[in-house]
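Each chain, written out:
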Amino acid sequence: MTHTEPIRYLKGVGPKKEEVFNRIGIRTQEDLLHYFPFRYEDRRNFKKIKEIKENEFCVIKAKILARNLKKMPYFMRARRVKNILEIAISDDTAVVNCTWFNQGYLYDKMEVGETLIIYGKPRMYDGKLKFVAPEFEVFEEGEDSLNLGRIVGIYSSTQNLGQKFIRKTISLALDNLDVQTRDSLPFDVRREKNLPNIVQSFKGIHFPQSFKEAQTARERFIFEELFFSQILVYLRKARHRQQTADSFSVGPKLIEKLKQNFKFSLTASQEKALNEILEDLKKTYPMHRLLQGDVGCGKTVVAAFAFASAVSSGFQAAFMVPTEILAYQHAETFQNLFKGFGYKVEVLVSSLPKAEVEKIHKEISEGKIDIVIGTHALISDSVVFKNLRFVAIDEQHKFGVAQRALLPKKGINPHYLIMSATPIPRSLALSLYGDLDLSVITELPAGRIIPKTVWVTEKKRQWVYDFIEEKISKGRQAYIIYPVIEENEDEDLRSLEVMYDDLKKHFDKFKTGMFHGKLPPKEKLSVIEKFRKGAIDILISTTVVEVGVNVENATIMVVENPERFGLAQLHQLRGRIQRSSYEPHFILLSAEELSEDVVKRLKVLEVTNDGFKISEEDLILRGPGDFFGQMQHGLPELKIANPLRDLDLLKEARVFAYDIIKTDPDLKKQEHRFIREKIDSLYGELKDSFSLLEEKA
Ligand code: ADP
Ligand code: MG
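As the structure is a computational prediction, the values presented were derived from the model and not from experiment.

Cut-offs applied
Residues numbered from 1 in each chain as written. Chains lettered and ligands numbered in written order. Predicted model: local features only at pLDDT ≥ 70, side-chain atom pairs only at ≥ 80, totals over all residues. Heavy atoms only, no water. Patch = residues over 30% accessible without salt bridge, like charges linked within 9 Å, V, L, I, M, F, W, Y side chains within 5 Å. Areas by Shrake-Rupley, 256 points an atom, 1.4 Å probe, with all protein chains shown as cover. Salt bridge = Lys/Arg side-chain N within 4 Å of Asp/Glu carboxyl O. Helix = DSSP H or I, 4+ residues; strand = E, 2+ residues; numbered from the N terminus. Phe/Tyr/Trp six-rings, centres within 6.5 Å; stacked < 30°, edge-to-face > 60°. Buried < 20%, exposed > 50% of the residue type's maximum accessible area, 1.4 Å probe, protein only. Pairing = 2+ DSSP bridges. Axes fitted to C-alpha atoms, helices over the stretch in contact; angles between N-to-C directions. Contact = heavy atoms within 4.5 Å. Left-handed = near helix turned anticlockwise from the far one by under 90°. Nonpolar A, V, L, I, M, F, W, Y, C, P; charged D, E, K, R; others polar. Expected span 1.5 Å × (residues − 1). 1 Å grid on protein atoms, 1.4 Å probe; cavity = no way out; pocket = protein on both sides within 12 Å on 5 of 7 lines; lining within 4 Å. Points joined across faces, edges and corners; volume = space filled by probe spheres on them. Domains from an automatic or database assignment. Lys, Arg positive; Asp, Glu negative; His and termini not counted. Charge placed at Lys NZ, Arg CZ, Asp CG, Glu CD.

*Asks:* I keep staring at a nonpolar patch on the surface and nothing clicks. Help me out?
*Replies:* A cluster of nonpolar residues, Phe101, Tyr125 and Val132, forms a patch on the protein surface that exposes about 250 Å² of accessible area. Topologically, Val132 is positioned in strand β7 (residues 128–132).

What follows is the structure in structure tokens.
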């Protein structure tokens with residue numbers, strides 16, 4: 001079995017090619033074999049040019065009759081067209097043209113007389129069919145059986161590795177496989193699921209004899225990926241259970257007393273989440289729980305009970321939040337909720353004077369502070385707790401992988417609560433956070449008014465301004481949100497800095513304020529304080545207000561260039577303005593021309609206020625890569641599986657994984673050693689750490 005050998009052992013892979021492969025993460029022959037085609041072309045039968053149809057994908061093989069590279073004059077360059085390459089090709093049935101814009105470098109690859117294989121969708125121009133920027137390969141006489149006369153895999157080859165070279169190299173790596181090649185997917189699982197073995201699967205996915213074979217092979221790899229992710233989930237879960245934690249004494253008296261300090265009663269789902277958490281805290285192994293719920297559903301008060309349980313059991317507790325503003329705000333909430341409890345609650349943020357920070361450090365280490373609420377300042381080396389046994393992280397997606405992992409390490413197996421306002425569909429939560437138990441708050445407190453959401457384009461800017469003016473005259477306040485602080489040459493976006501001056505002039509009757517992430521911390525606090533007090537009517541800001549800014553009277557929000565944001569993020573922003581009994585208005589102000597996809601996306605916000613639905617839509621529209629890329633770092637990389645699409649496979653994989661870990665929680669059994677090795681190689685050291693939130697090294 002040689003496929004763990006470096007790719008340079010393969011014929012044709014010199015140092016240069018090796019480096020290119022390395023750049024896309026391919027080092028070993030095994031990596032290479034996992035570089036799957038993203039689609040296939042049926043090259044068993046080429047279409048004749050006479051038979052091609054408008055807007056239908058086809059593969060043709062044809063000879064170049066003529067080529068022409070036209071450099072555009074300068075006045076055209078303003079429209080970003082620098083050159084146009086046009087070729088005419090023919091087979092024995094007809095002639096068709098192909099055009100590329102700004103890809104003049106292709107000219108040299110297109111000698112007249114050569115034969116090309118073209119893949120694309122012809123379109124009609126001036127009554128004639130034509131290919132615009134189709135994919136192509138140059139056909140060489142005596143071409144081997146890898147590239148022609150069969151179903152051919154197409155690889156993403158951005159890094160100048162030609163399709164043919166990739167196919168050739170992969171086929172060499174395949175030749176190195178034999179019956180001895182280890183299959184880490186256990187035989188029993190494969191048999192029960194009727195999946196092909198690893199060698200068949202590699203062959204099937206790269207060089208399939210039929211589309212069915214390609215599909216079956218793909219399914220096996222999807223299943224494998226999900227299976228190992230679920231093994232990891234259960235392995236970690238088992239590990240959590242093996243740890244010992246101090247159990248909290250949470251009596252009904254404490255809970256009742258705390259409830260008396262509330263001006264409201266908990267919603268049914270807050271109660272449910274609370275009970276789940278309190279049950280966990282009584283256990284002698286640490287809680288690992290994710291508390292999910294839409295913006296404004298009241299996660300903080302639920303968490304407050306856990307804090308009270310910790311302190312009344314004689315322990316310290318820490319609350320990490322992404323912004324200083326949020327830290328101060330939670331501290332204020334806690335001061336109110338814990339009135340009469342005698343808890344010492346402190347804020348620890350890096351903008352405090354050095355002496356103050358040192359004092360707080362000292363008091364934390366002496367156990368004088370019961371609850372500390374802070375930013376990443378909490379995980380600094382110089383913070384040492386006396387007996388930290390409960391930690392919570394708010395708006396968890398705002399933290400990096402390492403940061404999240406560090407906080408619990410400040411205590412001894414502390415109970416751990418992670419909070420998130422991005423409602424992730426349960427199916428996905430299973431795969432991504434599967435080692436965390438899940439509590440979900442599904443309803444908003446009674447009496448909230450759902451914001452009216454409208455999407456308008458540039459034409460209605462004046463109307464938007466008038467609307468803001470009218471509402472402010474009635475005593476309300478407004479946010480105007482921009483995607484960027486400064487103008488940027490490459491993008492046609494409204495920027496905070498440029499618009500601020502305009503808006504200030506336009507709204508000169510009112511008080512405007514500017515807010516963004518680059519302001520010094522002190523100024524941030526003071527701007528928000530002014531906004532809270534009503535000394536600022538219109539807050540012109542970036543999305544930093546997304547978390548923690550809680551101003552009840554601000555009920556208007558305008559978002560410019562909303563197409564730049566994910567749905568989940570827009571929804572989170574909208575959450576800022578549903579905090580009072582005044583009717584809130586959420587206005588999306590976009591450019592005139594938007595793509596269909598974007599329109600579809602923005603429309604979702606108009607019709608629903610349900611965070612779960614919105615997340616799901618967002619996921620479907622953008623795909624998990626994009627969705628998580630934006631809001632969430634450090635997920636285990638799923639290369640081929642998509643938990644949303646492959647939900648059934650995920651559920652099956654879960655059952656198999658569960659059965660294995662149930663009988664062998666440390667994967668010590670001889671028959672599981674391949675699983676163990678695979679987990680080690682996939683997830684390395686991190687397999688023992690907290691949750692799937694952590695990335696492989
Ligand atoms: P989030 O889940 O977004 O963190 P918060 O915990 O900040 O929400 O709560 C939002 C607001 O709702 C706070 O002002 C809080 O006091 C209030 N709140 C929480 N629970 C209830 C409830 N059951 N009834 C009425 N208001 C509530
Ligand atoms: Mg919150």
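*Asks:* Just checking my understanding: could you explain the packing of aromatic side chains for this structure?
*Replies:* Two measures describe an aromatic ring pair: the distance that separates the ring centres and the angle between the ring planes. Scanning all chains against the criterion turns up 25 aromatic pairs. When the centroid spacing of 5.5 Å and the interplanar angle of 25 degrees are considered together, the rings of Trp463 and Phe467 count as stacked. Of this pair, Trp463 and Phe467 both sit in helix α15 (residues 461–473), four residues apart, which is roughly one turn of that helix. Judged by relative accessible area, which is 36%, Trp463 ranks as partly exposed. In this structure an aromatic cluster arises from ring pairing among Phe307, Phe319, Phe334, Phe338, Phe341, Tyr343 and Phe390.

*Asks:* Before we go on, may I ask you to explain the sheet that holds strand β15 (residues 415–420) in this structure?
*Replies:* Hydrogen bonds between backbone groups are what pair the strands of a sheet, and the pairing can be parallel or antiparallel. Pairing in this open sheet of seven strands is parallel, and the strands run β12-β13-β11-β14-β15-β10-β16 from one edge to the other. The sheet terminates laterally at β12 (345–348) and β16 (437–441), the two strands that pair on one side only. Mean inter-strand twist for the sheet, computed between neighbouring axes without regard to direction, equals 20 degrees. Relative to β16, strand β10 (residues 288–293) runs parallel, the two being bridged by five bridges. Looking at β16, one finds that Arg289 is bridged to Asp437. Strand contacts of helix α12 (residues 354–366): β11 (316–320), β12 and β13 (371–374), with the helix running at about 130 degrees to β12, the strand carrying the most contacts.

*Asks:* I keep staring at the packing of helix α18 (residues 567–575) against helix α19 (residues 596–607) and nothing clicks. Help me out?
*Replies:* Packed helices, taken two at a time, are described by the angle their axes make and the gap between the axes. Running from N to C, α18 and α19 cross one another at 35 degrees; their axes reach a closest spacing of 10 Å. Viewed along their axes, α18 and α19 form a crossing whose handedness is right-handed. Of the residues in α19, those touching α18 at Leu567, Leu570, His571 and Arg574 are Arg601, Leu602, Val604 and Leu605. Its residues assigned to classes, the contact of α18 with α19 comprises five nonpolar, one polar and two charged.

*Asks:* Which parts of the structure should I look at to understand α15?
*Replies:* Between its first and last C-alpha atoms α15 spans 18 Å; for 13 residues at 1.5 Å apiece the expected length is 18 Å, and the two agree. Residues of α15 that are buried make contact with β17 (452–457), β18 (477–481), α16 (496–506), β20 (538–541), β21 (554–560) and β22 (585–590). Residue Gly475 follows α15 closely and has a positive phi angle near 105 degrees.

*Asks:* How should I be thinking about the pairing of strand β3 (residues 83–90) in this particular structure?
*Replies:* Put simply, side chains in a regular strand alternate between the two faces of the sheet. For β3, the buried fraction is high: seven of the eight residues fall into the buried class. Pairing of strand β2 (residues 58–71) with β3 involves eight bridges; the strand directions are antiparallel. Paired with Asn68 across the bridge in β3 is Glu86. In terms of strand pairing, β3 meets strand β4 (residues 95–101) through seven bridges, oriented antiparallel. Across the sheet, residue Ala88 finds its bridge partner in β4, namely Asn97.

*Asks:* Explain empty space enclosed by the protein here, please?
*Replies:* It is the rolling of a water-molecule-sized probe over the atoms that shows where space remains empty. Under the criterion given, the structure shown has one cavity of 30 Å³ or more. For the largest cavity, the calculated volume is near 40 Å³. As for the largest cavity, its lining consists of Ala421, Thr422, Pro423, Ala568, His571, Gln572, Gly611, Ile614 and Ser615. At the level of secondary structure, the elements contributing two or more residues to the lining of the largest cavity comprise α18 and α20 (611–631). Taken together, the residues that form the lining of the largest cavity break down as four nonpolar, five polar and no charged. Structurally, the lining of the largest cavity is a two-domain feature, drawing no fewer than three residues from each of domain 3 (208–446 + 640–697) and domain 4 (452–608).

*Asks:* I would appreciate a short explanation of the pattern of salt bridges in the present structure.
*Replies:* Side chains bearing opposite charge may pair, as long as their charged atoms lie close to each other. Per the counting criterion, the structure on display carries 46 salt bridges. The shortest N-O distance in the salt bridge between Arg39 and Glu41 comes to 3.2 Å. Across this residue pair, the class does not change: Arg39 and Glu41 are buried. Among the salt bridges present, the one from Glu470 reaches Lys474, with a minimum N-O distance of 3.2 Å. Three or more residues joined by partner-sharing salt bridges are found here, namely Arg39, Glu41, Arg43, Glu135, Glu137 and Arg167.

*Asks:* How should I be thinking about the layout of surface pockets in this particular structure?
*Replies:* If you add up the space inside the second largest pocket, you get close to 1,300 Å³. Lining the second largest pocket we find 36 residues, and of these Phe264, Thr333, Arg448, Asn550 and Arg579 sit closest to its centre. Breaking the lining of the second largest pocket down by element, the ones donating at least two residues are α10 (299–312) and α11 (324–337). No other element matches the seven residues that α11 contributes to the lining of the second largest pocket.

*Asks:* What am I meant to see in the sheet that holds β22 here?
*Replies:* Ordered by their spatial adjacency, six strands build an open sheet running β17-β22-β21-β18-β20-β19, and the pairing between neighbours is parallel. The open sheet has two edge strands, β17 and β19 (512–515), and neither has a second partner. Strand after strand, the sheet turns through a mean of 20 degrees between neighbouring axes, direction not considered. In this structure, β19 lies alongside β20, joined through four bridges in parallel fashion. Along β20, the bridge assignment pairs Met514 with Ile540. Relative to β19, helix α17 (residues 521–533) is tilted by about 145 degrees, and along the sheet it contacts β18, β19, β20 and β21. Together, β17 and β22 form the strand contacts of α19, whose direction differs from that of β17 by roughly 150 degrees.

*Asks:* So what exactly am I meant to see when it comes to a negative patch on the surface here?
*Replies:* A cluster of acidic side chains, namely Glu486, Glu497, Asp501 and Asp502, defines a negative patch on the protein surface. Assignment of secondary structure puts Asp502 in helix α16. By relative accessible area, Asp502 is classed as partly exposed at 42%.

It is worth stressing that arrangement in space is one thing and function is another; only the former is reported here.
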